[in-house]
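Residue strings, one per chain:
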Amino acid sequence: MQSAERRVVVTGLGVLAPNAHGAAAFAGALREGKSGIRHHAHLAEAKFACQVGGIPEGVEALQKRYLTEEELFAMNPNMVYAAIAAIDAWTDAGLPRVAADAEPDWDTGAFIGTGIGGIDTIAEKLGPKVDQGKVGRLGSTMVEQIMSSGNSARVGGLLGLGNQVSTNSSACNTGTEAVIDAFLRIREGRALRMLAGGSEGHSKYIWAGFDAMKVLNRAKNDAPAEASRPLSASAAGFIPGSGAGVLMLESLECALSRKVRIYAEVLGGFVNSGGHRMGGSMTAPNATGVRRCIQGAVAMAGVRSEEIGAINGHLTATFADPHEVESWSKALGLPPDRMPLIHSTKSLIGHALGAAGGIECVASVLELHHGFVHGSANCEDLHPALAAYADRIPHRTVEVKDLRVIAKASFGFGDVNGCVVFRKYAD
Amino acid sequence: MPQEMVFEKVVTILKPFVKAPDALAKVGMETTILGELKVNSARLVDVVLEIEDAFDIEVTDTEADKVSTVGDAVKLVMAKAKA
């Protein structure tokens, strides 16, 4: 087999989301439309205009089941979330842990991205001590917590990874980009397995800049579950989220030889940028770039537009949602009434920034595996520009037993785009 | 503070960083911190900071560099606490 023809499948899933931990619980939470958005007193105390957000629950107790006291001593929430999701994906893929005194697993690597990284460590520990002239009191753990690659580096050590271990960063496209890069790496024959996805902490220091930009919804502090409103007429900004989503990607050959469960096949992916041209900017997407990205992914996947059963969109609840849907329609060459089902996982968990693509790829694969498309919450008042798509946007979960192909896209600050196409695995 | 108490306190500080639980179970004054307890050398910085806080002393880099065994740390604390 030519290396360029190597097929890549998903054999493990790990997710720590604001509404659930673990693939099974997350699938259940998506199915029942469980919101992970809650009001947070620390945001109110800091005078945030938006005081709601998505933060995984129960992590204080959970992390002690996964990590030693010494490991936790040198980890911020971004790293903890990445570690829990990666360990879960590894275990879910049926792989034994590499012993501490054994050689690393030379064939497995990790691309685990983050958007903002360890800024909470900088703001809470490093900055104050340095300003007080107490550099000598910082301890040994600052660098590993604030280096951009802190999350993937920790995962590499925990799991004994001997292939490429790196952290990518492309704002809100980060997690999806990681999945695509990992897919390409395996396809090229440079690794047999790659953990891929993204993680993001929940600190007020991570979210403050977005609040200051007035891109967060400040109108629903008293009704958290209604705050994240993608596709709606009342969308007034996104809701910040956090957590991690990590997929174990593996060459089909390797997965078959191990006789493990195959959740889905990665058929194709494409990453590009709009170059801040043609209407694109640091904060707005170049629609032509978006279309080219979608078309690139679909072309590589080798599927016809009509074969795509669902779109798990970027869809954050900003002014860009109607433009995104229009871009999908144009890119796929399908009129509104023949479009795949369109929905937003962010309506339930908020926008987890660098973790969003990872968590939403996990959601997409679970939907494919179990044959459902979860409801897109809080868009009963559909945006008027989307009226023609009304029948294609489910408000409640729908069972789609013949769901064969799902497309997932992310579009990020910096005018960067990523789109990946998953298919239910078939021989 | 009696030496036994200082020893116990130093071992308690070291405990989260120890990667060899068997060696910790029979820890004594002669036990080496890096070699036997397998504490990551980078974490010695944190151990020293915690010892400074626990015993309200200041340890110079030169003094810290001379600590090899648990006993070295205990004796350093005893000497500093007296001073």
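Since the model is a prediction, treat every value here as computed from it, not as a measurement. Within any chain, residue numbers begin from 1 and follow the written order of that chain's sequence. Just so you know, chain letters begin at A and ligand numbers begin at 1, following the order they were written in. Whole-chain, interface and lining totals are the exception, using all residues; otherwise, since this is a predicted model, local features are given only for residues with pLDDT of at least 70 and side-chain atom pairs are given and counted only at 80 or more.

(A) Region of the structure containing the overall build of chain B. Check the secondary structure of chain B and you find five helices and zero strands. Helix and strand definitions follow DSSP, with helices as H or I runs of at least four residues and strands as E runs of at least two, each counted in order from the N terminus. Starting at the N terminus and ending at the C terminus, chain B contains elements arranged as α-α-α-α-α. Each radius of gyration is computed over the set of C-alpha atoms, and the globule rule expresses the reference value as 2.2 Å times the number of residues to the power 0.38. Here the C-alpha radius of gyration of chain B, 12 Å, is about what a compact globule of 83 residues would show, namely 12 Å. With respect to the principal axes defined by its C-alpha atoms, chain B has extents near 35 × 25 × 20 Å. Residue burial here comes from a neighbour count, namely the number of other C-beta atoms, placed from the backbone, that lie within 10 Å of the residue's own C-beta, with 20 or more meaning buried, 12 or fewer meaning exposed, and in between meaning partly exposed. The buried share of chain B, reckoned over its 83 residues, is 25%. Here, residues touch in the contact sense if the C-beta positions derived from the backbone fall within 7 Å of one another. Restricting the contact set of chain B to residue pairs at least 6 apart, pairs at least 24 apart contribute 52%.

(B) Structural detail: the interface of chain B and chain A. Contacts between chain B and chain A engage seven residues on the former and six residues on the latter. Polarity classes work like this: nonpolar for Ala, Val, Leu, Ile, Met, Phe, Trp, Tyr, Cys and Pro, charged for Asp, Glu, Lys and Arg, and polar for all others, with Gly in that last group. Taken together, the residues of the side of chain B that touches chain A sort by class into five nonpolar, no polar and two charged.

(C) Structural view of unusual backbone geometry. All names here are of chain A. The backbone phi angle of H276 is positive, close to 55°, even though this residue is not glycine. Relative to the assigned elements, H276 resides in the loop between β9 (264-273) and α12 (287-301). Look at N378: it is not a glycine, yet its phi comes out positive at around 65°. In this fold, N378 is placed in the loop between β12 (372-373) and β13 (398-399). Using a count of 26 C-beta atoms within 10 Å as the deciding quantity, one classes N378 as buried.

(D) Quick look at the packing of helix α3 (residues 59-66) of chain A against helix α5 (residues 77-92) of chain A. Residues and elements named next belong to chain A. Axes here mean lines fitted to C-alpha atoms, for a helix over just the part in contact, with angles spanning 0 to 180 degrees between N-to-C directions. Contact geometry for α3 and α5: axes closest at 10 Å, N-to-C directions at 55°. As judged from the angle between their axes, α3 and α5 are oblique. Between α3 and α5 lies a crossing whose hand is left-handed. Along its contact with α3, which presents V59, L62, Q63 and Y66, the element α5 presents V80, A83, I84 and I87. Its residues assigned to classes, the contact of α3 with α5 comprises seven nonpolar, one polar and no charged. Put simply, angles under 35 degrees are roughly parallel, angles over 145 are roughly antiparallel, angles from 65 to 115 are roughly perpendicular, and the rest are oblique. By convention the crossing between two helices is left-handed if the near helix lies anticlockwise of the far one by an angle smaller than a right angle, and right-handed if it lies clockwise.

(E) The domain arrangement of chain A, seen in detail. All names here are of chain A. What counts as a domain boundary in this text is fixed by an automatic or database domain assignment. Structurally, chain A comprises domain 1 (9-258) and domain 2 (268-423). Relative placement of domain 1 and domain 2: their C-alpha centres are 21 Å apart. The interface of domain 1 with domain 2 comprises 61 residues on the first partner and 55 residues on the second. Elements with a contribution of two residues or more to the side of domain 1 that touches domain 2: β1 (8-17), α1 (23-32), β4 (52-54), α9 (174-187), β7 (193-200) and β8 (243-251). By residue number, the principal contributor to the side of domain 1 that touches domain 2 is α9, which donates eight residues. For the side of domain 1 that touches domain 2, the per-class residue count stands at 28 nonpolar, 27 polar and six charged.

(F) Summary view of the environment of I406(A). All names here are of chain A. Secondary-structure assignment places I406 in strand β14 (residues 405-412). Note: C-alpha distance between I406 and H383 (23 residues apart in sequence) is 23 Å. Excluding residues within four positions of it along the chain, I406 makes contact with G309, A310, N312, S364, E367, L368 and F422.

(G) Seen up close, the confidence of the model for chain B. The predictor attaches a confidence to each residue, and that confidence, scored 0 to 100, is pLDDT. On average, residues of chain B score 95 in pLDDT, and 99% of them reach the 70 mark or higher. Here the prediction assigns the complex a pTM of 0.96, and the interface score ipTM is 0.89.

(H) Broad picture of α9(A). Residues and elements named next belong to chain A. In this model α9 runs 20 Å from its N-terminal to its C-terminal C-alpha over 14 residues, within 8% of the 20 Å that 1.5 Å per residue would give. For α9, a buried count of twelve out of 14 residues is recorded, marking the element as mostly surrounded by other parts of the structure. Those residues of α9 not exposed but buried are T174, G175, T176, E177, A178, V179, I180, A182, F183, R185, I186 and R187. One or two steps after α9, the chain reaches G189, where phi turns positive at roughly 85°. Here, expected helix span is obtained from the residue count minus one, scaled by 1.5 Å.

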